[in-house]
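Now for the letters of each chain:
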Amino acid sequence: MSDTAPIALFCYNRLSHTQRTVAALQANGLAPKSDLWIFSDGPKSPGDTVLVQSLRSYLKTISGFRNVQIIERPVNLGLAASIIAGVSEVCDRFGRIIVVEDDLITANFFLEYMNEALELYAETEEVVSIHGYVFPSSERLPETFFLKGADCWGWATWKRGWKVFNPDGASLLEQLESRGLTREFDFNHSMGYTQMLREQIAGKINSWAIRWYASAFLENKLTLYPGISLVQNIGHDGSGVHCAASMAFDVQVAKEKPVLKKLPPIESAVGRAMFEQYFKSQKRPSFLRKIKNTFASILR
């Protein structure tokens, strides 16, 4: 690697979650060689001001990285606008990015894996991003595998990859429907991603992630997944405004870094079948609400 990709951390008002997220990143061997860009969103209401200020006081103490840059938003953008703006800014400036939100615990080789994968697939136009989280599975998955689209829990991309992002949800939905792709987009009707996109268009949810997935999907772009998750989401503990407590997304984080070998840019039938099976196994109203709130990025 000629250099490491910058890390973008997006946070709001959850101090303890952010501390755990940062501590996990600091435990990575590449942390001292990596630049950390922190995007701190402004308070939504006067009641959140103290929490945001407390978090920002902590952010100023963070060390263990090559450089730490803190961008304090004076107003509340909301997670969707914050991520779209922050990812665009960092990609435009550095050409690639690793993205983490404030409720993700990463393995101590997460940064090494992400940087290696970014290098390995840098010139593979079909590959739009690298992902760190994978749903829990009782089936053995390949060491790494591709799925069509993009994802949102601990991920990385290049400027060329982020360029496919289309913020116009209505245009994305029209293309999915006119091309007869909604069944495939919804993993054979096992997950209601099309409905999430409709709700984003209607203003019922505030989602960057559903548009990122749809944008990459419509361009036939692929995301690389690990066979065992490198990320644990700790946000489903009831602390999020819209996220009730749940264990549906709990995983055993990999203890060893996946072996990266360059794969042909083809979607994995095994990986796709596992996702579909997982969605079907969890298909109950409470789970559907949780995954919609999660994927839709309604955190505040």
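Residues numbered from 1 in each chain as written. Predicted model: local features only at pLDDT ≥ 70, side-chain atom pairs only at ≥ 80, totals over all residues. Heavy atoms only, no water.

A.B. asks: For this particular structure, what's the right way to read the nonpolar core?
C.D. replies: Most often, soluble globular proteins have nonpolar side chains that are buried together. Core analysis: the largest hydrophobic core is formed by 93 residues, its most contacted members being Ile-130 and Phe-275. Setting aside chain neighbours within four positions, we find Phe-275 in contact with Val-134, Phe-135, Phe-145, Leu-147, Asp-151, Phe-187 and Tyr-225. (Core = buried A, V, L, I, M, F, W, Y, C linked by side-chain atoms within 4.5 Å. Buried < 20%, exposed > 50% of the residue type's maximum accessible area, 1.4 Å probe, protein only. Contact = heavy atoms within 4.5 Å.)

A.B. asks: Looking at this structure, I do not really get the side chain of Asn-115. What am I missing?
C.D. replies: Along the chain, Asn-115 turns up in helix α4 (residues 110–120). Its relative accessible area of 0% is what places Asn-115 among the buried residues. A distance of 2.7 Å separates the side chain of Asn-115 from the backbone nitrogen of Ala-5, its partner in a polar contact. (Helix = DSSP H or I, 4+ residues; strand = E, 2+ residues; numbered from the N terminus. Polar contact = N/O pair within 3.5 Å; in protein donor to acceptor, adjacent residues only side chain to side chain.)

A.B. asks: It is not clear to me how the confidence of the model for the chain should be interpreted in this structure. Could you clarify?
C.D. replies: Regions with low pLDDT carry predicted coordinates that are not meant to be interpreted in detail. Across the chain, the average pLDDT comes to 92, with 89% of residues at 70 or higher. Low pLDDT (under 50) marks residues 240–246, which in the prediction has 20 contacts with non-local residues, meaning those over four places away or in another chain. (pLDDT = per-residue confidence, 0-100.)

A.B. asks: What is the right way to read the packing of helix α8 (residues 193–201) against helix α9 (residues 209–218) from this model?
C.D. replies: In helix packing, the relevant descriptors are the interaxial angle and the interaxial distance, both defined with respect to the helix axes. Running from N to C, α8 and α9 cross one another at 120°; their axes reach a closest spacing of 10 Å. As far as their axial angle goes, α9 and α8 are oblique. Regarding α8 and α9, the two cross each other, and that crossing is left-handed. Here Tyr-193, Met-196, Leu-197 and Gln-200 of α8 come into contact with α9, specifically with Ile-210, Arg-211, Tyr-213 and Ala-214. Of the residues assigned to the contact of α8 with α9, the class counts are six nonpolar, one polar and one charged. (Axes fitted to C-alpha atoms, helices over the stretch in contact; angles between N-to-C directions. Parallel < 35°, antiparallel > 145°, perpendicular 65-115°, else oblique. Left-handed = near helix turned anticlockwise from the far one by under 90°. Nonpolar A, V, L, I, M, F, W, Y, C, P; charged D, E, K, R; others polar.)

A.B. asks: Explain the side chain of Asp-41 to me, please; I cannot follow it from the model alone.
C.D. replies: Secondary-structure assignment places Asp-41 in the loop between β2 (35–40) and α2 (49–59). You can call Asp-41 buried: its relative accessible area is 0%. Only 3.4 Å separates the side chain of Asp-41 from the side chain of Asn-76, close enough to count as a polar contact. At a separation of 2.8 Å, a polar atom in the side chain of Asp-41 contacts the main-chain amide nitrogen of Leu-77.

A.B. asks: What is the right way to look at the packing of aromatic side chains in this model?
C.D. replies: The geometry of two aromatic rings is summed up by the distance between their centres and the angle between their planes. For the coordinates displayed, the defined rule picks out 27 aromatic pairs. Ring plane angle 85° and centroid distance 6.0 Å describe the contact between Tyr-193 and Phe-279, whose orientation is recorded as edge-to-face. Taken as a pair, Tyr-193 in helix α8 and Phe-279 in helix α10 (residues 269–281) lie far apart in primary sequence, 86 residues in all. Take Tyr-193 and Phe-279: they sit in the same class, and that class is buried. Seen from the ring of Phe-217, Lys-148 lies directly overhead, with NZ or CZ sitting 4.3 Å from the centre. In this arrangement the basic side chain of Arg-272 is found over the ring face of Phe-187, its NZ or CZ atom lying 4.3 Å from the centre. (Phe/Tyr/Trp six-rings, centres within 6.5 Å; stacked < 30°, edge-to-face > 60°. Lys NZ or Arg CZ within 6 Å of the ring centre and 35° of its normal.)

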